[in-house]
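Fold and geometry: a report
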Amino acid sequence: MVLKANQVRTAVGTETSIVVPRGEIVVIRGASGAGKTLLLRRLADLDPGGGEVSLDGKDQLSFAAPQWRKRVCFVSAEPAFWQPSIIEHPHAEHIIDLGLGPKRLAASIAELSTGERSRAALALAMVRDPDVLLLDEPTAALDPQATHIVEHALTAFCGREKCVVMTSHDAEQPDRLGARTVELA
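Below or above, wherever it landed, is the structure these notes cover. These numbers come from a predicted model, not from an experiment.

Membership of the largest hydrophobic core comes to 34 residues, with the highest contact counts inside it found for Ile25, Ile86, Leu133, Leu154 and Val164. Looking at this core, the elements with two or more residues in it are strand E3 (25-30), strand E6 (72-75), helix H4 (114-127), strand E7 (132-135), helix H5 (144-158) and strand E8 (163-167). Here the element with the most residues in this core is H4; it accounts for seven residues. Ignoring anything within four residues of it in the chain, the contact list for Leu133 reads Cys73, Leu122, Ala125, Met126, Leu154, Phe157, Cys163, Val164 and Val165. In this structure, Val8, Leu39, Phe74 and Leu184 belong to the second largest nonpolar core, which totals 25 residues.

What follows is about the state of the cysteines. One pass over the full model with this rule turns up zero disulfides. Considering cysteine sulfurs only, Cys163 is the nearest to Cys73, which forms no disulfide, with 12 Å between them. Cys73 sits in the buried class, given a relative accessible area of 4%.

The next point concerns the packing of aromatic side chains. Scanning the model with the defined rule gives one aromatic pair in all. Ring geometry for Phe63 and Trp68: centres 5.1 Å apart, planes at 70°, overall edge-to-face. Neither residue differs from the other here; Phe63 and Trp68 are each classed as buried. We note Lys58 situated over the ring of Phe63; from NZ or CZ to the ring centre the distance is 4.6 Å.

The next subject is the sheet that holds E3. The pairing of strands in a sheet happens through backbone hydrogen bonds and is either parallel or antiparallel. Across the sheet, which stays open at both edges, the five strands sit in the order E6-E7-E8-E3-E9 with parallel pairing between neighbours. Both edges of this open sheet fall to E6 and strand E9 (180-184), since each of them pairs with a single strand only. For this sheet, the mean angle separating the axes of adjacent strands, direction not counted, is 15°. Relative to E9, E3 runs parallel, the two being bridged by five bridges.

Quick look at the environment of Pro102 now. Structurally, Pro102 can be placed in helix H3 (residues 101-106). Taking the relative accessible area as the measure of exposure, Pro102 reaches 69% and is therefore exposed. For the pair Pro102 and Met126, spaced 24 residues apart in sequence, the C-alpha separation works out to 17 Å.

Attention now moves to the pattern of salt bridges. Following the criterion strictly, the structure yields 13 salt bridges and no others. Asp56 is the salt-bridge partner of Arg22, the closest N and O atoms lying 3.0 Å from each other. Placement of Arg22 in the loop between strand E2 (15-20) and E3 and of Asp56 in the loop between strand E4 (52-55) and strand E5 (58-59) is noted, with a sequence separation of 34 residues between them. The partner of Arg104 in a salt bridge is Glu116, with the nearest N and O atoms 2.9 Å apart. Taken together, the residues span a long stretch of sequence, with Arg104 in helix H3 and Glu116 in helix H4 at a distance of 12 residues. Residue Arg104 is classed as partly exposed on the basis of its relative accessible area, which comes to 26%.

Leftover empty space is mapped by rolling, across the atoms, a probe with the size of a water molecule. A volume near 610 Å³ is recorded for the largest pocket. Lining the largest pocket are 21 residues, with Cys73, Phe74, Ala80, Trp82 and Arg128 positioned closest to its centre. Taken together, the elements giving at least two residues each to the lining of the largest pocket come down to E6 and H4. Of the residues assigned to the lining of the largest pocket, the class counts are 15 nonpolar, three polar and three charged.

A separate point is the sheet that holds E5. Within the open sheet, the four strands sit side by side as E2-E1-E4-E5. Their pairing is antiparallel. Where the open sheet ends on each side, the last strands, each with one partner, are E2 and E5. Summarising the sheet, E4 and E5 pair through two bridges and their orientation is antiparallel. When the bridges of E5 are listed, Leu55 appears paired with Lys58.

Definitions and limits used
- Residues numbered from 1 in each chain as written.
- Predicted model: local features only at pLDDT ≥ 70, side-chain atom pairs only at ≥ 80, totals over all residues.
- Heavy atoms only, no water.
- Core = buried A, V, L, I, M, F, W, Y, C linked by side-chain atoms within 4.5 Å.
- Buried < 20%, exposed > 50% of the residue type's maximum accessible area, 1.4 Å probe, protein only.
- Helix = DSSP H or I, 4+ residues; strand = E, 2+ residues; numbered from the N terminus.
- Contact = heavy atoms within 4.5 Å.
- Disulfide = S-S within 2.5 Å.
- Phe/Tyr/Trp six-rings, centres within 6.5 Å; stacked < 30°, edge-to-face > 60°.
- Lys NZ or Arg CZ within 6 Å of the ring centre and 35° of its normal.
- Pairing = 2+ DSSP bridges.
- Axes fitted to C-alpha atoms, helices over the stretch in contact; angles between N-to-C directions.
- Salt bridge = Lys/Arg side-chain N within 4 Å of Asp/Glu carboxyl O.
- 1 Å grid on protein atoms, 1.4 Å probe; cavity = no way out; pocket = protein on both sides within 12 Å on 5 of 7 lines; lining within 4 Å.
- Points joined across faces, edges and corners; volume = space filled by probe spheres on them.
- Nonpolar A, V, L, I, M, F, W, Y, C, P; charged D, E, K, R; others polar.

Below, the structure written as structure tokens:
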């Protein structure tokens with residue numbers, strides 16, 4: 001098992017328990033405001049909350065924050081970047097191709113569309129090779145072709161004994177990913 005969350009509570013009072021084994025994708029679904037993003041942020045140790053979270057049997061609180069974030073990587077629906085272009089970020093030379101191409105990776109962040117920024121943030125997270133990816137609506141701003149590319153990359157990532165927990169409003173996405181679904185009320 002990789003990630004275990006037991007009675008995890010968020011600021012809006014959402015409480016859930018999940019176990020995500022290696023090689024699995026879990027899609028968190030629910031209405032807007034149900035606490036999906038807050039749950040991901042709690043699992044990433046970015047927001048306070050109750051409950052217990054562990055990775056490979058080791059409690060989240062026993063990790064220093066940088067250690068946890070090296071192994072558990074959160075990608076926001078609205079990512080922020082530290083450098084003026086994607087290619088200037090650390091390890092960007094090893095970035096996987098999510099349909100952006102060299103010209104778009106070298107372009108100014110301000111010139112990229114919302115979908116291109118989303119794919120770039122995911123690619124930068126994947127190149128860090130975490131054990132767990134926590135993704136907030138990774139395909140919401142993508143056309144069907146780009147969505148297919150990202151979904152293929154996520155299943156390949158999980159094939160390397162990693163896991164993904166993501167939010168989505170796309171009712172068919174869990175089936176395309178072969179993912180388990182968790183509904184938040």
